[in-house]
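# Observations on the model geometry
The residues making up each chain are set out below.
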There are 2 protein chains.
Amino acid sequence: MSYQIELRHFTYFMAVAEELHFRKAADRLFISQPGLSRQIKQMEEIIGVVLFVRNKRKVTLTAAGVYLKKELDYIFNHIDFTIRQTRLIDQGSNGEIRIGFLGSAMQTVIPELLVMVNKELPNIQFSLEEMSNHLQVEAVEKDQLDLGFVRLARVPEGIQKKTVHTDSFSLVVPLEHRLTSKTFKSIAQVSEEHFILFSSDYSSLYYDKIMSICEDKGFTPKVTHKSVHAQTIFKLVESGLGVAIVPTSLQQGFDLGVKFLEIPKIPQKAILSVIWKKDNRNPALQQILKFL
Amino acid sequence: MSYQIELRHFTYFMAVAEELHFRKAADRLFISQPGLSRQIKQMEEIIGVVLFVRNKRKVTLTAAGVYLKKELDYIFNHIDFTIRQTRLIDQGSNGEIRIGFLGSAMQTVIPELLVMVNKELPNIQFSLEEMSNHLQVEAVEKDQLDLGFVRLARVPEGIQKKTVHTDSFSLVVPLEHRLTSKTFKSIAQVSEEHFILFSSDYSSLYYDKIMSICEDKGFTPKVTHKSVHAQTIFKLVESGLGVAIVPTSLQQGFDLGVKFLEIPKIPQKAILSVIWKKDNRNPALQQILKFL
DNA sequence: TTAATTAATAACTATGAGTTATCAAATAGA
DNA sequence: TCTATTTGATAACTCATAGTTATTAATTAA
């Protein structure tokens, strides 16, 4: 079988094409002139095209050689860039991070993280998907997500967890509701009203905490509606179908006809955690974790 | 001094990246497995990045490896094209133009273009391949095609588009069908018949237009067969399995037992466009674009 | 003519790609 | 649990070939 073309041939060709002089090109490449001559000749044989005209005492490029030089310039540049980029991806300063999140994380934590990372590592791309606690854990385990923003007390073996935000709870009532931030003293004041909550499939920890807040005050809430979307819950409250208890940070980002009344003197907090897989192989993740 | 990266390394890397199996990749390359292992290891040392995770029984690409594979695919394609082009230039030709097209473009537009270009630039070579809208866009983006003849409303960023032919639609019926060019007044006259159409994967714009032609006349066509080949569609119509609606220009070039009845007074037109990549590096393309 | 410059040719050397043989680890099957 | 099988890595070798030195042939300049 005949020879294969190699980058070496291209490098040598470029040197001769630029110098238009075999000995000078050979000097520049730190090889001997006969060695260079033979490699160029071999290259011409491989691609089957004469690239240089050796006119007695002068070397010039043929038309095909001129074209090849221009393209190889581009190709070498592209190869260099690709290798640099590959190194960057390996070092995590480039690449993609796949994030899952609960809607309530979109109000404060995630935007802050994105802005911060973007400033330091502008070449990292993000893909974001809102999904439930449970689906996030599953996706992280399957390496389909790099990071998850969840509200969970416990996570399975092999998953790392870190608290990133602690939030108080607020009561959400219609604008025209009798209670105001001044008159609101305890959640017991709405013990007789209907409650609209996030569905427990979406976040069972949230659901359990709401229940315990009420139990602490001696009543069991009458839950009439459940939803997975904050927007929906607010709309239902606005329509007078009941009241809700949600993390206070959800106050930002929505423009609806509801009042937020922070619940005073309760020990329960809405804790947002970030989770990731211990042996995740995405090099970009290691970089991101530094920001958390 | 340390080693230099060579195309050999890239070729080997691609084989392993595709097989994800060192011995199989080695077989494909007709070299021994230890030789391959060593070259891959050397490549990883040269660029300073681990490209494969060897899990003792499974081989997978790292994130950096995935990126490198995608880029090398592009680079190899570009090198191949460059060498072919260099040979053509050497032979006195002005280069090669790779064209993709929908079958219906072969009736009028492309032959005219070829004749015209051939008169002015007799040394340009053409390679022609029939393929779907979608595959053409993909190939143009990957620099595997210089020109595509498509029926598309929109094309991605970085792709240029220009209308080259506007055609009316015709109803295709068997020769012995009751309708003639004189009695045919509206598509509603065949609202009860079965329709044979180009498959929507082949050209969704075409499919949607046919649907809207029928909807405008107040009925939904009963589509019983779909095909990607005009020839097949005509054969099915000839066999009495239904009627079809196709661009009128398809009347030329086939000798079949069907009648074409141009659909009168409808706003829908079959628009054929030519697409090309904005930063295509083929110098011959610039020449061709002048003819469009 | 002579001297200088250039690329090609010839014969050699030595580097390293690719070889065979083998090992170690990880399954899969009994 | 024990064996057989599959897999990639290691080690030691060999041989093809990139690159070497020495020389020639051809051209140009003085």
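That block above? That's the structure.
So, here's what we can say about the structure.

Conventions and cut-offs
- Residues numbered from 1 in each chain as written.
- Chains lettered and ligands numbered in written order.
- Predicted model: local features only at pLDDT ≥ 70, side-chain atom pairs only at ≥ 80, totals over all residues.
- Heavy atoms only, no water.
- Pairing = 2+ DSSP bridges.
- Helix = DSSP H or I, 4+ residues; strand = E, 2+ residues; numbered from the N terminus.
- Axes fitted to C-alpha atoms, helices over the stretch in contact; angles between N-to-C directions.
- Contact = heavy atoms within 4.5 Å.
- Buried area = accessible area lost by both parts, 1.4 Å probe.
- Salt bridge = Lys/Arg side-chain N within 4 Å of Asp/Glu carboxyl O.
- Polar contact = N/O pair within 3.5 Å; in protein donor to acceptor, adjacent residues only side chain to side chain.
- Nonpolar A, V, L, I, M, F, W, Y, C, P; charged D, E, K, R; others polar.
- Buried < 20%, exposed > 50% of the residue type's maximum accessible area, 1.4 Å probe, protein only.

## Side note on the sheet that holds strand S10 (residues 244-247) of chain B
The strands that make up a sheet pair up through hydrogen bonds in the backbone, lying either parallel or antiparallel. Residues and elements named next belong to chain B. Pairing is antiparallel across the open sheet formed by three strands, whose spatial order is S10-S7-S11. Both outer strands of the open sheet, S10 and strand S11 (258-262), are each paired with one neighbouring strand and no more. With strand direction ignored, the average angle separating the axes of adjacent strands in the sheet is 35 degrees. Bridge count for strand S7 (residues 169-174) against S11 is five bridges, and the pairing is antiparallel. The residue of S11 that forms the bridge with Pro-174 is Val-258. Most of the contacts of helix H7 (residues 204-216) go to S10, to which it runs at about 120 degrees, and overall it touches S7 and S10.

## A word on the interface of chain A and chain B
Contact with chain A, which involves 31 residues of that partner, is made by 31 residues of chain B. Taken together, the two surfaces of chain A and chain B that pack against each other cover about 2,800 Å², and 69% of this comes from carbon and sulfur. Looking at the side of chain A facing chain B, the largest losses of area belong to Tyr-67, Tyr-74 and Thr-86 of chain A, adding up to 20% of the total buried there. Taken together, the connections running from chain A to chain B amount to one salt bridge. A salt bridge links Arg-8 of chain B to Glu-6 of chain A; its shortest N-O distance comes to 4.0 Å. Where chain A packs against chain B, one counts nine residue pairs in polar contact (both at pLDDT 80 or more). Counting only elements with at least two residues in the side of chain A that touches chain B, the list comes to helix H1 (7-19), helix H3 (33-47) and helix H4 (63-91) of chain A. Broken down by element, the residue count for the side of chain A that touches chain B peaks at 18 residues, all from H4 of chain A. Across the side of chain A that touches chain B, the residue classes tally to 19 nonpolar, five polar and seven charged.

## Topic: the sheet that holds strand S7 (residues 169-174) of chain A
All names here are of chain A. Read from one edge of the open sheet, three strands run S10-S7-S11, paired in antiparallel fashion. Across the chains shown, the open sheet's two edge strands, defined by having one partner strand only, are strand S10 (244-247) and strand S11 (258-262). The sheet shows a mean angle of 35 degrees between the axes of neighbouring strands, direction not considered. Each of S7 and S10 touches helix H7 (residues 204-216); the most contacted strand, S10, lies at about 120 degrees to it.

## Notes on unusual backbone geometry
One non-glycine residue, Leu-20 of chain A, adopts positive backbone phi at about 55 degrees. Tracing the backbone shows Leu-20 of chain A in the loop between H1 and helix H2 (22-29). In this model, Asp-143 of chain B sits at a positive phi of 60 degrees, which is unusual for a non-glycine residue. With respect to the helices, strands and loops of the structure, Asp-143 of chain B is situated in the loop between helix H6 (133-141) and strand S5 (147-150). The exposure class assigned to Asp-143 of chain B is buried, which follows from its relative accessible area of 9%.

## Digging into the pattern of salt bridges
Under the counting rule described, the total for this entry stands at 19 salt bridges over all chains. In this structure, Arg-28 of chain A and Glu-18 of chain A form a salt bridge, with 2.8 Å as the shortest nitrogen-oxygen distance. In this pair, Arg-28 of chain A sits in helix H2 while Glu-18 of chain A sits in helix H1, placing the two residues 10 residues apart along the sequence. Here Arg-54 of chain B and Glu-44 of chain B are joined by a salt bridge, their closest N and O atoms 3.0 Å apart. Pair noted here: Arg-54 of chain B is in strand S1 (residues 52-54) and Glu-44 of chain B is in helix H3 (residues 33-47), with a separation of 10 residues, a long-range link. Arg-54 of chain B sits in the partly exposed class, given a relative accessible area of 37%. The exposure class assigned to Glu-44 of chain B is buried, which follows from its relative accessible area of 10%. Through salt bridges with shared partners, one network takes in Glu-18, Glu-19 and Arg-28 of chain A.

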